[in-house]
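Spelled out from the first residue to the last, the chains are:
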Amino acid sequence: MSTKRGWGITLVVIAWTGCLYDDGDRCDDHMHYQAEVHACVCDADSIAVATGCQPCADDQIVDNNVCVCADGSPVTDAGCTP
């Protein structure tokens, strides 16, 4: 097999496998597909950030696309403080 043909086959295989579509996994991490709006949206425990969605810490909830402490305490660098 010639080198050119080998590279051609390799590129076709890479292009084909890179374009596979999985209807059950069409969104990024911490997102789900919402059919009503035909788009991926953040999960209930995640906020929208520039690179997608980011989950809140276990002791936090989402309020107006901001992670806040569930008990009303202030969020610090260490997380929520009781």
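Look above for the structure.
Here goes a summary of the coordinates provided. (Residues numbered from 1 in each chain as written. Predicted model: local features only at pLDDT ≥ 70, side-chain atom pairs only at ≥ 80, totals over all residues. Heavy atoms only, no water.)

## Thoughts on the overall build of the protein
This is how the line gets drawn: In this description a helix means any DSSP run of H or I spanning at least four residues, a strand means any run of E spanning at least two, and both kinds are numbered starting from the N terminus. Any two residues whose heavy atoms approach within 4.5 Å at even a single point are treated as in contact. Note on areas: Shrake-Rupley, 1.4 Å probe, and residue coverage restricted to the protein chains presented here.
A tally of helices and strands in the protein yields 1 helix and 8 strands. Moving toward the C terminus, one meets the helices and strands of the protein in the order α-β-β-β-β-β-β-β-β. Restricting to contacts in the protein with at least 6 residues of sequence separation, those with at least 24 account for 3%. Per element, the accessible surface of the protein, about 6500 Å² overall, is 57% carbon and sulfur.

## A short note on the environment of Cys-27
Inspection of the secondary structure puts Cys-27 in the loop between helix 1 (3–18) and strand 1 (31–34). Expressed as a C-alpha distance, the spacing of Cys-27 and Cys-42, which sit 15 residues apart in the sequence, is 9.4 Å. Those residues in contact with Cys-27 that lie beyond four places of it in its chain are His-32, Tyr-33 and Cys-40.

## Some words on a negative patch on the surface
Basically, it comes down to this: Distance thresholds for patches are 9 Å for like charges and 5 Å for nonpolar side chains (Val, Leu, Ile, Met, Phe, Trp, Tyr), applied to residues having over 30% relative accessible area and no salt bridge. When a carboxyl oxygen of Asp or Glu is within 4 Å of a side-chain nitrogen of Lys or Arg, the pair counts as a salt bridge. Lys and Arg are tallied as positive, Asp and Glu as negative. Neither His nor the chain termini are counted. Charged side chains are reduced to one point each, which is NZ for Lys, CZ for Arg, CG for Asp and CD for Glu.
Residues Asp-45, Asp-58, Asp-59 and Asp-71 make up a contiguous surface patch of negative charge. Turning to its location among the elements, Asp-71 is positioned in the loop between strand 6 (67–69) and strand 7 (75–76).

## Observations regarding the pairing of strand 2 (residues 39–42)
Quick note on the threshold: Strands qualify as paired when DSSP identifies two bridges or more between them.
Pairing between strand 1 and strand 2: 4 bridges, direction antiparallel. If you follow His-32 over to strand 2, its bridge partner there is Val-41. Taken together, strand 1 and the strand that follows it, strand 2, pair antiparallel across an intervening segment of 4 residues, in which His-38 is found at a positive phi of about 55°.

## Here we look at the side chain of Ser-73
Note the cut-off: Here a polar contact is taken to be a pair of N or O atoms separated by no more than 3.5 Å, where protein atoms must pair a possible hydrogen donor with a possible acceptor and residues adjacent in sequence count only if both atoms sit in side chains.
Take Ser-73: it is sitting in the loop between strand 6 and strand 7. A polar atom in the side chain of Ser-73 sits 2.6 Å from the side chain of Asp-71.

## Considering the state of the cysteines
Rule in force here: Note on disulfides: each one is a pair of cysteine sulfur atoms within 2.5 Å.
Evaluation of the coordinates by the stated rule reveals 4 disulfides. Disulfide partner of Cys-42: Cys-53, at an S-S distance of 2.0 Å. The sign of the S-S torsion, about -85°, decides the handedness of the disulfide formed by Cys-42 and Cys-53: left-handed. Taken together, the residues Cys-42 in strand 2 and Cys-53 in strand 4 (residues 52–55) connect sequence positions 11 residues apart. Between the sulfur atoms of Cys-69 and its disulfide mate Cys-80 the distance is 2.1 Å. Between Cys-69 and Cys-80, the S-S dihedral sits near -105°, and the bridge is therefore left-handed.

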